[in-house]
Amino acid sequence: MFLSVTKIRLFQNCRFRYKKHYIEHQREDQNFHSQYGSLVHEEFEQFYALPEAERIESKLLEIHKQEFAKPLYPLLNHAAFDKQVFALRDYFYEESPAKANILKLESRFEGYLGNGIPIIAVVDRIDRIDETTIKVIDYKTGHSYFPTHKELQEDEQLSMYDLIAQQWFPEAKRIILELRFLDGARLQTERRPDQRENFLNYLEVIYHQILQEQEFLPQLNAFCHLCPFKSEKGKSDTTTSP
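Thresholds applied
- Residues numbered from 1 in each chain as written.
- Predicted model: local features only at pLDDT ≥ 70, side-chain atom pairs only at ≥ 80, totals over all residues.
- Heavy atoms only, no water.
- Helix = DSSP H or I, 4+ residues; strand = E, 2+ residues; numbered from the N terminus.
- Rg over C-alpha atoms; globule rule 2.2 N^0.38 Å.
- Salt bridge = Lys/Arg side-chain N within 4 Å of Asp/Glu carboxyl O.
- Buried < 20%, exposed > 50% of the residue type's maximum accessible area, 1.4 Å probe, protein only.
- Core = buried A, V, L, I, M, F, W, Y, C linked by side-chain atoms within 4.5 Å.
- Contact = heavy atoms within 4.5 Å.
- Pairing = 2+ DSSP bridges.
- Axes fitted to C-alpha atoms, helices over the stretch in contact; angles between N-to-C directions.
- Expected span 1.5 Å × (residues − 1).

> Even after reading the chapter, I still don't get the overall build of the chain, so can you show me in this structure?
Assigned secondary structure in the chain consists of 8 helices and 5 strands. Taken from the N to the C terminus, the helices and strands of the chain come in the order α-α-α-α-α-β-β-β-α-α-β-β-α. Taking 18 Å as the expected radius of gyration for a compact globule of 242 residues, we find that the chain reaches 20 Å, a close match to that expectation. On the principal axes, the C-alpha backbone points of the chain span a range of 60 × 45 × 30 Å.

In structure tokens:
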């Protein structure tokens, strides 16, 4: 089993739902937010794959038009189309994309960490800042909530990206972790060596917890009302608090 942050979060929120999704392979339908996120990532992947001279605003908007027309995003309406147009225009002028020195783009990592734990993840983008510094960029389409400094320090996704970037670029002396919101906000953090060690230990613990779990009981959490399995027999009878 390869560990991902999505698996970790689902296991911690509700082990019953984890079992349905990852063991019984009962896939869940996409929603508006997941489709919008997929659209944004696909558009940026296509745009940044272009040569630097072709990374111009009109090309970015053309990519958006062509991608939005595909039958992959049935839940996205005209308002979503317009929202993305405005967001991309703002992004282009704030970001100066032609100057980006991109090392990795929508890159998949599937391998083992230094402690032997197998992980899987897709990193949105990694840029070279200077000879000793790289920056991991994670695109965010939401804007209703921005994490605090403490939450950034404890964010599992960013910690996972930090470890992956360290394996890909062991020569980097500094790894900046950035959440890039489409409304222009940028939130940055970094990881100290002791934080990396603590997170490696945590991954080892949670990995073995998942492997050893047998009951997979439901747990009450903030996402219960969205769970597609909430009506199944036993869900309400055996629910436990986290």
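> I tried to follow the pattern of salt bridges on my own but got confused; where do I start?
Pairs may arise between side chains of opposite charge once their charged atoms sit close together. If you walk through the whole model with that rule in mind, you get 21 salt bridges. Here glutamate 67 makes a salt bridge to lysine 70, at a shortest N to O gap of 2.8 Å. Judged by its relative accessible area of 37%, lysine 70 is partly exposed. When the shortest N-O distance is used, the salt bridge between arginine 174 and glutamate 190 registers 2.7 Å. You can see arginine 174 sitting in strand 4 (residues 174-181) and its partner glutamate 190 sitting in the loop between strand 5 (186-189) and helix 8 (193-212), a full 16 residues away along the chain. By relative accessible area, arginine 174 is classed as partly exposed at 40%. Note on glutamate 190: relative accessible area 30%, which makes it partly exposed.

> I would appreciate a short explanation of the nonpolar core in the present structure.
For soluble globular proteins, nonpolar side chains are generally found buried alongside one another. With 36 residues, the main nonpolar core has Leu3, Ile119, Val136 and Leu203 as its most contacted residues. Those elements that place two or more of their residues in this core are helix 1 (5-13), helix 2 (15-23), strand 2 (118-128), strand 3 (133-140), helix 7 (156-168), strand 4 and helix 8. Other than its neighbours up to four places away in sequence, valine 136 contacts Val123, Arg125, Ile126, Tyr161, Ala165, Ile175, Ile176, Leu177 and Glu178. Core analysis: the second largest hydrophobic core is formed by 24 residues, Tyr36, Leu50, Ala87 and Leu88 among them.

> Help me understand the sheet that holds strand 4 in this model?
Within a beta sheet, neighbouring strands are joined by backbone hydrogen bonds and run either parallel or antiparallel to one another. If you walk across this open sheet you meet the 5 strands as 1-2-3-4-5, and the pairing is mixed. Strand pairing shows two members of the sheet lacking a second neighbour, strand 1 (102-112) and strand 5, which therefore form its edges. The average undirected angle you get between the axes of adjacent strands in this sheet is 35°. Here strand 2 runs beside strand 3; their pairing, made up of 4 bridges, is antiparallel. Bridging across to strand 3, arginine 125 finds its partner in isoleucine 137.

> What's the story with the pairing of strand 5 in this structure? I'm lost.
Regular strands have side chains that alternate between both faces of the sheet. In terms of strand pairing, strand 4 meets strand 5 through 4 bridges, oriented antiparallel. Note that in strand 5 the partner of leucine 179 across the bridge is leucine 187.

> Can you help me understand the side chain of glutamine 195 in this one?
Looking at where glutamine 195 falls in the secondary structure, it is placed in helix 8. Given a relative accessible area of 16%, glutamine 195 falls into the buried group.

> Looking at this structure, how should I read helix 4 (residues 57-68)?
Two residues of an α-helix separated by three or four positions point the same way, owing to the 3.6 residues in each turn. Given a rise of 1.5 Å per residue, 12 residues ought to cover 16 Å, and the 17 Å separating the end C-alpha atoms of helix 4 matches this to within 8%. Looking at the buried side of helix 4, the elements it contacts are helix 3 (32-48) and helix 5 (78-95).

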